[in-house]
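Per-entry structural report
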Amino acid sequence: MGSGASNPRMIKLVPSQPMMIRRPPTVVCYICGREYGTRSIAIHEPQCLKKWHNENNLLPVELRRPEPKKPEIRTITAKGFYDLEALNEAAWTSAQSQLVPCKNCGRTFLPDRLIVHQRSCKPSVAK
């Protein structure tokens, strides 16, 4: 066999433009704000809502929140699909609205984490 170019098993490496790896589309959970694949979000959301209810019921009454509502996005693209960017923006806003500010420092936390934060956050003493 003479040159390597005639061997079909050999691959010739040629410098070229970098490959752009396209990330699969993701959907933001309106409850927790995490990203999930377009197929797994339907599995995640009911489980996340159940977890949310369990955690919310364990909170002191003053920290309990109303159940988050799934945002309704009616914007449909020319191809007949939902506008994923608008849907994700609305879901992110919904998840962020679940945060509660600390009365001492103003930082926002999920209610169960606020309780932990408040153990060490003391009001500033005015001089």
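Quick caveat: nothing in here was measured; it's all calculated off a predicted structure.

1. Thoughts on the overall build of the chain
Of the regular secondary structure elements, the chain holds three helices and four strands. Beginning at the N terminus, the succession of helices and strands in the chain can be written as β-β-α-α-β-β-α. Split into buried and exposed, the 127 residues of the chain put 26% on the buried side. With an accessible surface of roughly 10600 Å², the chain has 58% of that area assigned to carbon and sulfur atoms.

2. Examining helix H1 (residues 41-58)
For H1, with 18 residues, the first-to-last C-alpha span of 25 Å sits near the 26 Å given by 1.5 Å per residue. Among the residues of H1, those classed as buried are Ile41, His44, Glu45, Cys48, Leu49, Trp52 and Asn56. Around the axis of H1, the buried residues are gathered within 130° of arc, so they sit on the same side. Relative to its buried face, H1 has exposed residues pointing more than 90 degrees away, namely Ile43, Pro46, Gln47, Lys50 and Leu58. Buried residues in H1 make contact with strand S1 (26-28) and strand S2 (35-37).

3. Let's talk about the UniProt feature "domain: C2HC/C3H-type" (unreviewed entry) in the chain
In the UniProt entry, the feature "domain: C2HC/C3H-type" (unreviewed entry) is given for residues 25-54 and 98-127. When the span residues 25-54 is considered, its composition is 47% helix and 20% strand, and the gap between its end C-alpha atoms is 30 Å.

4. Re the side chain of Gln98
Relative to the assigned elements, Gln98 resides in the loop between helix H2 (84-96) and strand S3 (100-101). A polar side-chain atom of Gln98 sits 3.2 Å from a polar atom in the side chain of Trp52. When sequence neighbours within four positions are dropped, the list of residues in contact with Gln98 reads Ile31, Trp52, Arg65, Pro66, Pro68, Phe109, Leu110 and Pro111.

5. Thoughts on the nonpolar core
In this structure, Val27, Val28, Cys29, Tyr30, Ile31, Ile41, Cys48, Leu49, Trp52 and Ala91 together form the largest nonpolar core, which totals ten residues. Counting residues per element, this core draws most heavily on H1, at four residues. Leave out the neighbours within four places in its chain, and Cys48 touches Cys29, Ile31 and Cys32. Leu59, Leu63, Val100 and Cys102 belong to the second largest nonpolar core, which has seven residues in total.

Conventions used here
Residues numbered from 1 in each chain as written. Predicted model: local features only at pLDDT ≥ 70, side-chain atom pairs only at ≥ 80, totals over all residues. Heavy atoms only, no water. Helix = DSSP H or I, 4+ residues; strand = E, 2+ residues; numbered from the N terminus. Buried < 20%, exposed > 50% of the residue type's maximum accessible area, 1.4 Å probe, protein only. Areas by Shrake-Rupley, 256 points an atom, 1.4 Å probe, with all protein chains shown as cover. Expected span 1.5 Å × (residues − 1). Arc of directions from axis to C-beta. Contact = heavy atoms within 4.5 Å. UniProt positions renumbered as here; feature names shortened; annotations may be inferred. Polar contact = N/O pair within 3.5 Å; in protein donor to acceptor, adjacent residues only side chain to side chain. Core = buried A, V, L, I, M, F, W, Y, C linked by side-chain atoms within 4.5 Å.

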